[in-house]
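An overview of the molecular structure
This is what each chain is made of:
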Amino acid sequence: MSQPSPVQSGRFISFEGTEGVGKTTAIEHLCANLSAAGIDYIRTREPGGSDFAEQLRALLLDPATVIDDDTELLLMFAARCDHWHQRIRPALQAGKWVICDRFVDSTIAYQGFGRAQGDSAVLAKIEGLIAAFIPQLPEQTLWLDLPVAEGMARAGKRSSADRFEQEAIDFFTRVHEGFAYCAAKDSKRITRIDASGSPEAVATRIWQTLASQT
Ligand code: Z5A
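None of the values given here were measured: they were computed from a predicted structure.

What about the pattern of salt bridges?
As enumerated under the stated definition, the model contains 13 salt bridges in all. With a shortest N-O distance of 2.7 Å, Glu 72 and Arg 163 are connected by a salt bridge. Pair noted here: Glu 72 is in helix α3 (residues 69-93) and Arg 163 is in the loop between α6 (148-155) and α7 (169-185), with a separation of 91 residues, a long-range link. Note on Arg 163: relative accessible area 10%, which makes it buried. Of the charged contacts, one joins Lys 185 and Glu 127 as a salt bridge, the two residues approaching to 3.3 Å between their closest N and O atoms. With a gap of 58 residues between them, Lys 185 in helix α7 and Glu 127 in helix α5 (residues 120-133) connect regions that are remote in the sequence. A relative accessible area of 31% places Glu 127 in the partly exposed class.

Here it is in structure tokens:
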């Protein structure tokens, strides 16, 4: 069976990082800059981003959900597949920028490293799912990097924790290792952004990074 061909027009940018590094905040700043520059964009997230994928997100993040690791991995990809077809591809085809909070690198980091501790057989399964179902990777991925404990402290100010946020620091240390693995493997696509300092300082680093690539 032939794979759908990639879309060439709008820019596809993903944000990645461990819990609480400031992705949401950085995306808000970026979107304000894009609006000010008159650039047409959509802001989206994973898991989720489309109606069906948001239903899967609710299940995946619900602390009451009990599933095995393979099921979790496949649900992440089911959500991503719907998100790609329903929202990302149409937006790129319309020439819009797609600003996506998490994408495939989160699966490598969370399912491949957080859950499976970097097991090469699981990483191969994930690579296979990407090759089979995701026609286009982001053109640029911004990995917001912060010591794991600092991100957890930022996120810890929230009143409730979802199914992932309930994990211990060892899990997030492996997730961080997973992002470092992705960045080393695909250094052309993934740029490490120092996520320390004020939200404005992080936003400036991101804007300068994107501006230097146009
Ligand atoms: N997941 C997965 O397992 N596999 C996959 O394939 C995918 C996802 C796609 C949902 O993600 C979960 O799904 C996620 C991984 C899993 N679980 N975890 N953990 P999510 O993106 O919705 O959840 P998140 O990563 O936990 O996002 P977050 O906690 O909302 O963090 P954030 O967006 O990176 O940070 P923030 O909300 O912008 O900031 C956190 C706090 O820090 C907040 O109070 C801010 O005001 C503050 N902040 C932000 N920036 C700064 C700076 N620069 N200085 C000081 N304070 C700051």
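Let's talk about the packing of α3 against α5
Running from N to C, α3 and α5 cross one another at 20°; their axes reach a closest spacing of 11 Å. Taken as axis vectors, α3 and α5 run roughly parallel relative to one another. For the pair α3 and α5, the sense of crossing is right-handed. On α5, the residues touching Asp 70, Leu 73, Leu 74, Phe 77 and Cys 81 of α3 are Lys 125, Ile 126, Leu 129, Ile 130 and Phe 133. Considering only residue class, the contact of α3 with α5 consists of eight nonpolar, no polar and two charged.

Describing the side chain of Arg 115
Tracing the sequence through the fold places Arg 115 in helix α4 (residues 104-115). Leaving out residues up to four positions away in the same chain, Arg 115 has contacts with Asp 69, Glu 72, Tyr 110, Arg 163, Phe 164, Glu 167 and Phe 171.

Remarks on the nonpolar core
The biggest cluster of nonpolar side chains holds 36 residues, and the ones touching the most others in it are Phe 12, Val 98 and Tyr 110. Of all the secondary-structure elements, those providing two or more residues to this core are α2 (51-61), α3, β3 (97-101), α4, α5 and α7. Residue contributions to this core peak at seven residues, all from α3. Judged by nonpolar contacts, the second largest core, of 18 residues, contains Ala 26, Trp 97, Leu 146 and Ile 193.

A few points about the packing of α2 against α3
Packed helices, taken two at a time, are described by the angle between their axes plus the distance between the axes. Packing of α2 against α3 brings their axes to within 8 Å, and their N-to-C directions diverge by 155°. What the angle tells us is that α2 and α3 run roughly antiparallel. As α2 runs across α3, the sense of the crossing is left-handed. Contact residues: Phe 52, Ala 53, Leu 56 and Leu 60 in α2; Glu 72, Leu 75, Met 76, Ala 78, Ala 79 and Asp 82 in α3. Here the contact of α2 with α3 is composed, by residue class, of eight nonpolar, no polar and two charged.

Focus: helix α1 (residues 23-36)
One full turn of an α-helix is made of 3.6 residues, so residues set three or four places apart face in the same direction. Between the first and last C-alpha of α1 there are 20 Å, a value that for 14 residues agrees with the 20 Å anticipated at 1.5 Å per step. For α1, the complete set of buried residues consists of Lys 23, Ala 26, Ile 27, Leu 30, Cys 31 and Leu 34. Each buried residue of α1 sits inside an arc of 135° when the element is viewed along its axis, so together they form one side. Those residues of α1 that are buried lie in contact with β1 (12-16), β2 (41-45), β3, β4 (140-145) and α8 (199-212). Immediately beyond the C-terminal end of α1, within one or two residues, lies Gly 38, with a positive phi of roughly 75°.

Some words on the pairing of β2
By the alternation rule, side chains of β2 split into Ile 42 and Thr 44, which are all buried, and Tyr 41, Arg 43 and Arg 45, of which none is buried. Strand direction decides the pairing type here: β2 and β3, joined by five bridges, are parallel. Of the residues in β3, the one forming a bridge with Ile 42 is Val 98.

Let's talk about α3
Across its 25 residues, α3 extends 34 Å between first and last C-alpha, which sits within 8% of the 36 Å expected from 1.5 Å per residue. At Trp 84, α3 shows its maximal kink, close to 50°. If you check which residues of α3 are buried, you get Glu 72, Leu 73, Met 76, Phe 77, Ala 79, Arg 80, Asp 82, His 83, Trp 84, Ile 88, Ala 91 and Leu 92. Against β1, β2, α2, β3, α4 and α5 lie the buried residues of α3.

Calculation notes
Position numbers for residues count from 1 along each chain, tracking the sequence in the order it is written. pLDDT decides what is reported in this predicted model: residues at 70 or higher carry local features, side-chain atom pairs at 80 or more are listed and counted, and totals for whole chains, interfaces and linings draw on all residues regardless. To obtain the side-chain values, all non-hydrogen atoms of the structure were included, while hydrogens and water were left out. The term salt bridge refers to a pairing of a side-chain nitrogen on Lys or Arg with a carboxyl oxygen on Asp or Glu at a separation within 4 Å. Counting from the N terminus, the helices are the DSSP runs of H or I reaching at least four residues and the strands are the DSSP runs of E reaching at least two. Only protein chains enter the area calculation, which uses a 1.4 Å probe; residues under 20% of their type maximum are buried, those over 50% are exposed, and those in between are partly exposed. Only the stretch in contact is used when a helix axis is fitted, and all axes are lines through C-alpha atoms; the angle between N-to-C directions ranges over 0 to 180 degrees. Convention used here: angles under 35 degrees read as roughly parallel, angles over 145 as roughly antiparallel, angles from 65 to 115 as roughly perpendicular, and any remaining angle as oblique. Crossing handedness follows the turn of the near helix against the far one: under a right angle anticlockwise gives a left-handed crossing, and clockwise gives a right-handed one. Two residues qualify as a contact provided that any one of their heavy atoms is within 4.5 Å of a heavy atom in the partner residue. Basically, the charged four are Asp, Glu, Lys and Arg, the nonpolar ten are Ala, Val, Leu, Ile, Met, Phe, Trp, Tyr, Cys and Pro, and anything else, Gly included, counts as polar. To form a nonpolar core, buried Ala, Val, Leu, Ile, Met, Phe, Trp, Tyr and Cys residues must be joined to one another through side-chain atoms within 4.5 Å. To estimate how far a helix should reach, multiply one less than its number of residues by 1.5 Å. What the arc covers is the set of directions going from the helix axis to the C-beta atoms. Strands are labelled as partners when DSSP assigns at least two bridges between them. Bend at a residue means the angle formed by two fitted axes: the first through the 7 residues ending at that position, the second through the 7 residues beginning there.

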